Amino acid sequence: VQAAARRAHAIQTLQWSRWAARYIQAVARGVAERRLADQWTLAAMRIQASWRSLLAQAALAESIEAATVIQTAGRTFVARCLRERSQRAALLIQAVARGRIERRLCDAWTLAAIAIQSAQRMAVCRRLIASSVRATVQVQAGARGLVARRVLRRCALACTRLQAAARRRASLVAFAELKRRHFAAIAIQSAGRVALAIKQSHAIRKVMHLAALAKLHQCARLVQTRARFLTYRNCRRAAAAVIARRAMTAITLRRRVRFVRVVVSLQAMLRARRTRSRVYRRHPELRNIAARAADAYRKMLADPSLCLPARTKVALDILLTTKNLGQLLSALSSLEMFTLISPRVAAAMVEVGTVPVMLQLLQLCNRSLPHQKAVGHVLRILANIGRTPSLRHRVWEQREVVPTIVELAQNYREHEQ
């Protein structure tokens, strides 16, 4: 009985030991399997993280390349706008300069014309004075001749009266006395005729002398007038020649400058056209971008409210005031493009305090698709602002930047984008 009891107890003890050994082995295998599973899980997580990092780097490279292309297109558009503005300013300056030069030339021509007109008037006045002097001399000569003829007539009448009186007296005297008186009368008459002839000859000489002097004066005035006219005519011709040479020089220089500018502008337009054609062949999508930009520029010219400052102001007002998600997405999309093409828009956004508002918007966003779009727009806007060295510290000095970005990275770690 004791042997049987011992054998049964030994058998039971052996069974319990076997069961305990199996249990211990199972526990050890479970621990080893769990350790191996943990190692496999960690390795899988590392592989997934490496793969996500590789995909993120590829997406980042693609986004950087796309951003570079968009920036190039934007800078080209801005440069073209600046060139057109500079061309319009240059045309305005040229028009002002041409107007000033034309006014100066017109003033010079007016002064030359006034000088020529005054010289012509002086010549005409001198001619009128000479003709009036000649007429006065002729009138004076006629008056002197009339006076001389009257004096001669009076002298002849007096002589005739003396002769009649002598004859009447001679008839009363004797024949001898009559003869003597007759001879005396004849002598007196001859002496009177001689005296009258002498006076008349003197008068005629005086008249001839005055006429000769007047004629000499007239000839001298004519010579002086002719000399002055020739001098004025030569001066006028010389001034006209100088004015014509200067005008031709100015016109030639103006035409040459205009031709050079036209040639330079045509060369620039040709180079720009060739460059655009090469870029469009390499990147066909840029042609559509350029067409949209040209269409937007035409619309902006037709409607001033579509220009960059007005649209930026509207988008900033929507971002700072509204709570409608659709309007916020539209405003953020516009601001993303504006900050990409214009650093001034980025500076204006920093000045009005939109960075804290965008960080608060990032904190309020969840994992829905519209909120993901808003998060992408905000991050790209912050990246565009950070590209400007003078604005980079204004973004990083905000306390909420790093915690917000870390929280976003944790929330969207499963998204490949």
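Model, not experiment: these values are computed from the prediction.

Core analysis: the largest hydrophobic core is formed by 29 residues, its most contacted members being Leu-335, Met-358, Leu-382 and Ile-385. Leaving out residues up to four positions away in the same chain, Leu-382 has contacts with Val-355, Met-358, Leu-359, Leu-362 and Val-395.

Below, the discussion takes up the layout of surface pockets. In this model, the largest pocket occupies a volume close to 1,800 Å³. For the lining of the largest pocket, the secondary-structure elements that each account for two or more residues are α1 (2–172), α2 (175–282), α3 (285–302), α4 (308–321), α5 (325–341) and α6 (343–352). Take the lining of the largest pocket: its biggest share by element is 15 residues, from α1. For the lining of the largest pocket, the class distribution of residues is 29 nonpolar, 10 polar and 10 charged.

Counted according to the given criterion, the structure contains five salt bridges. Note that Asp-295 is salt-bridged to Arg-298, the shortest N-O span being 4.0 Å. With a gap of three residues between them, Asp-295 and Arg-298 both fall in helix α3, about one helical turn apart. By relative accessible area, Asp-295 is classed as partly exposed at 31%.

On to the packing of α5 against helix α8 (residues 369–386). In the contact formed by α5 and α8, the axes pass within 9 Å of each other and the chain directions differ by 25 degrees. With respect to α8, the axis of α5 lies roughly parallel. The chirality of how α5 crosses α8 is left-handed. Residues Leu-325, Leu-329, Leu-332, Ser-333, Leu-335, Glu-336, Thr-339 and Leu-340 of α5 form the contact with α8, whose own contacting residues are Pro-370, His-371, Lys-373, Ala-374, His-377, Val-378, Arg-380, Ile-381 and Asn-384. Counted by class, the contact of α5 with α8 contains nine nonpolar, five polar and three charged residues.

Its location among the elements puts Leu-162 in helix α1. For the pair formed by Leu-162 and Gln-189, sequence separation is 27 residues and the distance between their alpha carbons is 9.1 Å.

It is worth spelling out a nonpolar patch on the surface at this point. A contiguous nonpolar patch, built from Trp-16, Trp-19, Tyr-23, Ile-24, Val-27 and Val-31 and spanning about 660 Å² of accessible area, is present on the exposed surface. For Ile-24, the location among the structural elements is in helix α1.

What counts, and at which threshold
- Residues numbered from 1 in each chain as written.
- Predicted model: local features only at pLDDT ≥ 70, side-chain atom pairs only at ≥ 80, totals over all residues.
- Heavy atoms only, no water.
- Core = buried A, V, L, I, M, F, W, Y, C linked by side-chain atoms within 4.5 Å.
- Buried < 20%, exposed > 50% of the residue type's maximum accessible area, 1.4 Å probe, protein only.
- Contact = heavy atoms within 4.5 Å.
- 1 Å grid on protein atoms, 1.4 Å probe; cavity = no way out; pocket = protein on both sides within 12 Å on 5 of 7 lines; lining within 4 Å.
- Points joined across faces, edges and corners; volume = space filled by probe spheres on them.
- Helix = DSSP H or I, 4+ residues; strand = E, 2+ residues; numbered from the N terminus.
- Nonpolar A, V, L, I, M, F, W, Y, C, P; charged D, E, K, R; others polar.
- Salt bridge = Lys/Arg side-chain N within 4 Å of Asp/Glu carboxyl O.
- Axes fitted to C-alpha atoms, helices over the stretch in contact; angles between N-to-C directions.
- Parallel < 35°, antiparallel > 145°, perpendicular 65-115°, else oblique.
- Left-handed = near helix turned anticlockwise from the far one by under 90°.
- Patch = residues over 30% accessible without salt bridge, like charges linked within 9 Å, V, L, I, M, F, W, Y side chains within 5 Å.
- Areas by Shrake-Rupley, 256 points an atom, 1.4 Å probe, with all protein chains shown as cover.

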